[in-house]
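Structural overview for review
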Amino acid sequence: MTKGRPAPVLETGRLRLRGWRREDFRPYHAILQHPDVHRYFGPEPMGQEECWRRICAAIGNWELNGFGTMAVEAKDDGRLLGNVGMFTAWRDFDPQFGDEPEMGWIMAAETHGTGMAREACEAVLAWAEATLEPTPIWAIISDGNAPSFGLARKLGFNALHNIDYHGPTTVLQRPAWKPRENR
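An account of the accompanying structure is given in this report.

Criteria and thresholds
- Residues numbered from 1 in each chain as written.
- Predicted model: local features only at pLDDT ≥ 70, side-chain atom pairs only at ≥ 80, totals over all residues.
- Heavy atoms only, no water.
- Helix = DSSP H or I, 4+ residues; strand = E, 2+ residues; numbered from the N terminus.
- Rg over C-alpha atoms; globule rule 2.2 N^0.38 Å.
- Buried < 20%, exposed > 50% of the residue type's maximum accessible area, 1.4 Å probe, protein only.
- Contact = heavy atoms within 4.5 Å.
- Salt bridge = Lys/Arg side-chain N within 4 Å of Asp/Glu carboxyl O.
- Pairing = 2+ DSSP bridges.
- Core = buried A, V, L, I, M, F, W, Y, C linked by side-chain atoms within 4.5 Å.

Broken down by element type, the protein carries five helices and eight strands. Starting at the N terminus and ending at the C terminus, the protein contains elements arranged as β-β-α-α-α-β-β-β-α-β-α-β-β. Computed over C-alpha atoms, the radius of gyration of the protein comes to 16 Å, within 12% of the 16 Å expected from 2.2 N^0.38 for 183 residues, which places it in the range of a compact globule. Each principal axis of the C-alpha atoms in the protein carries an extent, and together these give about 45 × 35 × 35 Å. A burial count over the protein gives 48% of its 183 residues as buried. Relative to all contacts within the protein whose residues are 6 or more apart in sequence, the contacts with residues 24 or more apart total 62%.

The following block contains the structure:
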């Protein structure tokens, strides 16, 4: 049984989060080429093939899970700024958490230090708490990525343990929120 639903449109003061479009491919690939963006994904920038697969996986997560990642654009001019949301990745390490959502964010270098990643992530979490059943949310962050660790802490994630996943990586978890009737 599929849980399909389209990505919602979420708006914050400066941002619009929306479903991916075909025309997002080249601007998103350009974001992923910047050294300040790709340095935590590996020594080389992400290729076009992997970028395209990630966009397709984002769209597929909405169909299969009822949640996924969204394109993040500037409200004032529609410029693509990044990718934020929840997904399942079935990563090849323990503990396996493919049945529960994983959260991720990748934002353009020009947004680093502006609070836009936090703004976008908080919008996604508010949507999840209003729409989904309570569940833990997972994240993985490459060791050394101090800004993402700081954001994860502000979003309520706790570091659980370290693994070797394409280099030293920390597994984090945000506890399930309380059901609406118990808030």
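There is more to say after this.
Let's shift gears to the pattern of salt bridges. Overall, the coordinates contain 14 salt bridges when judged by the stated rule. A salt bridge links Arg16 to Glu11, with the nearest nitrogen and oxygen atoms 3.0 Å apart. Using a relative accessible area of 21% as the deciding quantity, one classes Arg16 as partly exposed. Asp24 is paired through a salt bridge with Arg18; the nearest N and O atoms lie 2.9 Å apart. Per residue, the accessibility class of Asp24 equals that of Arg18, and both read buried. One salt-bridge network, in which partners are shared between bridges, spans Glu11, Arg16, Arg18, Asp24, Glu73 and Lys75.

Before going further, it helps to examine the pairing of strand β8 (residues 168-174). For β8, the tally of buried residues reaches five of seven residues, placing the bulk of the element in the interior. Direction of pairing for strand β6 (residues 137-142) relative to β8: antiparallel, over a ladder of six bridges. By the bridge assignment, Ser142 is partnered in β8 with Thr169. Both strand β7 (residues 158-164) and β8 contribute to a ladder of six bridges, which runs antiparallel. If you follow Ile163 over to β8, its bridge partner there is Thr169.

Turning to the nonpolar core, a few remarks are in order. Most often, soluble globular proteins keep nonpolar side chains buried together rather than apart. Of all hydrophobic cores here, the largest spans 34 residues; its most connected members are Val84, Met86, Met103 and Trp105. Where this core is concerned, the elements lending two or more residues are β2 (15-18), β3 (69-74), β4 (80-87), β5 (102-107), α4 (116-131), β6 and α5 (146-154). The dominant element in this core, judged by the number of residues it contributes, is α4, at nine residues. In this view, Val84 contacts Thr69, Met70, Val72, Met103, Gly104, Trp105, Met107, Ala120, Cys121 and Val124; residues no more than four positions away in its chain are not counted. The next biggest cluster of nonpolar side chains, apart from the first, holds 14 residues, and it includes Phe25, Tyr28, Val37 and Met46.

Keep in mind that these numbers describe shape and distance, not what the molecule does.
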